[in-house]
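# Architecture and fold: a report
One-letter residues, chain by chain:
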Amino acid sequence: METIKTKLQGIKALKKEGIFNSKLSKSILLGIALTVLSNNETKAQVTLTGQLRDRSEVIDGQGTLLKKTDKTSLFNTQRFRLNVGYSGYRYKIFASLQDIRVWGQDASSINRTTTEVNNGLMLNEAWGEIMLNDTISKIQNLSLKAGRQEISYDDQKVLGSLDWLQQSRRHDAIILKFANKGWIADIGVAFNQNKELNTGTIYNGTNSAYAEGTNGIGTMYKSFQYLYLDKKLAFTDLSFLFFKDDFNKYTNITSGTPAVTTKVYGQGVWSRNTIGFYFNSTIARKLNLLGSVYHQSGSDKDGRTLNANLASITSSLQVGRKLFIGPGIDYLSGTDGTKAVTTTSTSNLFDPLYGTPHKFWGGMDYFYAASPFGKQGLLNYFFKAKYNAKDNLTFLAEIHGFESANKLSNGAGGTLDSYLGTEIDLVMKYNMTKIINIEAGYSFMKATNSMASAAVKNVANADLSPQWAYLSLNIKPNFLAKK
């Protein structure tokens, strides 16, 4: 800008001396315009990327136990994304168009969607970010990011993108972001409505396509507010999270013959508060410890008083150049299954909010995913191994022992064995190129009768040896990359 100012002052001086004429003025002004445009062009940047992820799955008990008479399932799903980003002086915008398909869900001759639930074409992300600090500020970053966006922190145990699911997860929110000298501070807020209303703000957060469960399934928050702080030290990353999500209050109304109970939403919200710490520390270079502890209070989405906890620690020891191994344990509190649950009783069931359960509690997604498993919480002790055979070839193996974190009722006044089952997960990842990735996995579980009981999965005549396998092709091109 100083160069432009200097040129303008020079024009005034020439004009004063009588040297300035119309032809010269046009030439100089054109030069100034080109200078401005070229300056803006160097600061602006366009990105155009994409993703095609095809995944074939063979399911014989993934998510929940099957009956012995049930048949194995086989299907193919596909995610396609087109991502467009543009950054200019003190702003960024980004949009991600996403289409999710099950192969064969649409007729081959016409482009139609069979049901609303199968309509996979959607706007995955669409946000804008403005930089509140200018280029001469000593602050590394101070910005405001608004729109549909992924919210992901730390190991994604309580807030994550859930990228394993083809549809993933995103939020409509505004986030004030600060970063400077190893410190990160984010303040986020969201407020949801079903549609444009002329009066009131009552929000029906129930999605009829999914049964109610944990991890945000079944009841969508009406609003949230959170504070995230992170400090990067020499060998440790330490963070703090306070997250409050609010759920619209409702009343159960029973009427008709036969009797039908309906939720009637009214004024006010039930608020759930989650507060906790996370750390990721490297000890003696070859040993890594990662852990977290969270506490939930306030009320759950059904208005019950909440008092719940999560504690987790994972270790990883490097053995040689290529092998990493380590045990770990997760504890998520639950409610005593032998006690009656009422609207006035306290819930001790910890809900891992909007995280990535597939990453932590077994590849078969028996816990904190779409299929409910009761309200007794979970104790997960595990051992993980990772072997980098080559720069582009990795093998992973995990063994999990799953146990109820609280008492399981047998339905007759007694209790069941708390042990639920053992799961083995095997994964191979191969990067054919920087753009093309192939991934294959196989999981097997030896479940117990407690897993099949009414208190957990509630499956009669269950096959207690479920298994699951998948093969995935992932292509992520950068359309503007220089060849």
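Here is a short report on the structure shown in this document.

Calculation notes
Residues numbered from 1 in each chain as written. Predicted model: local features only at pLDDT ≥ 70, side-chain atom pairs only at ≥ 80, totals over all residues. Heavy atoms only, no water. Helix = DSSP H or I, 4+ residues; strand = E, 2+ residues; numbered from the N terminus. Polar contact = N/O pair within 3.5 Å; in protein donor to acceptor, adjacent residues only side chain to side chain. Contact = heavy atoms within 4.5 Å. Buried < 20%, exposed > 50% of the residue type's maximum accessible area, 1.4 Å probe, protein only. 1 Å grid on protein atoms, 1.4 Å probe; cavity = no way out; pocket = protein on both sides within 12 Å on 5 of 7 lines; lining within 4 Å. Points joined across faces, edges and corners; volume = space filled by probe spheres on them. Nonpolar A, V, L, I, M, F, W, Y, C, P; charged D, E, K, R; others polar.

Right, let's get into the side chain of Asp 99. Relative to the helices and strands, Asp 99 resides in strand S3 (residues 91-102). Here Arg 101 takes part through its side chain, which lies 3.1 Å from a polar atom of the side chain of Asp 99. Among all residues touching Asp 99, those that are not within four sequence positions of it are Gln 78, Arg 79, Phe 80, Gly 120 and Leu 121.

This next bit is on the side chain of Ser 450. With respect to the helices and strands, Ser 450 occurs in helix H3 (residues 449-452). Accessibility expressed as a relative area gives 6% for Ser 450, which makes it buried. Those residues in contact with Ser 450 that lie beyond four places of it in its chain are Leu 408, Leu 416, Asp 417, Tyr 419, Leu 420 and Val 456.

A full pass over the atoms with the stated rule returns two cavities of 30 Å³ or more. In this structure, the largest cavity encloses a volume near 40 Å³. Lining the largest cavity, in full, are Tyr 203, Gly 205, Thr 219, Met 220, Asn 248, Tyr 250, Tyr 265 and Lys 301. Class assignment for the residues of the lining of the largest cavity results in four nonpolar, three polar and one charged.

Our focus in this paragraph is the environment of Ser 299. Looking at the secondary structure, you find Ser 299 in the loop between strand S11 (287-298) and strand S12 (308-319). Classification of Ser 299 by relative accessible area gives buried; the value is 17%. Sequence separation of Ser 299 and Ser 347 is 48 residues, and the distance between their C-alpha atoms is 8.5 Å. Contact partners of Ser 299, with chain neighbours within four places excluded, come to Trp 270, Ser 271, Arg 272, Arg 304 and Leu 306.

All right, on to the environment of Arg 304 then. Along the chain, Arg 304 turns up in the loop between S11 and S12. Once the C-alpha coordinates of Arg 304 and Thr 343 are considered, the two residues, 39 residues apart in sequence, prove to be 5.7 Å apart. In contact with Arg 304, other than residues within four places in its own chain, are Gly 298, Ser 299, Val 341, Thr 342, Thr 343, Ser 345 and Ser 347.

Looking at the element boundaries, Thr 206 is found in the loop between strand S7 (183-191) and strand S8 (223-232). When the C-alpha positions of Thr 206 and Met 220 are compared, they lie 6.2 Å apart, and in sequence the two are 14 residues distant.

Backbone torsion omega between Thr 257 and Pro 258 reads 0°, so that peptide bond is classified as cis. On the secondary structure map, Pro 258 appears in the loop between strand S9 (236-255) and strand S10 (260-283). Even without glycine at this site, Ser 168 takes up a positive phi of about 55°. If you trace the backbone, Ser 168 turns up in the loop between strand S5 (141-149) and strand S6 (171-180). Residue classification places Ser 168 among the buried positions, given a relative accessible area of 5%.

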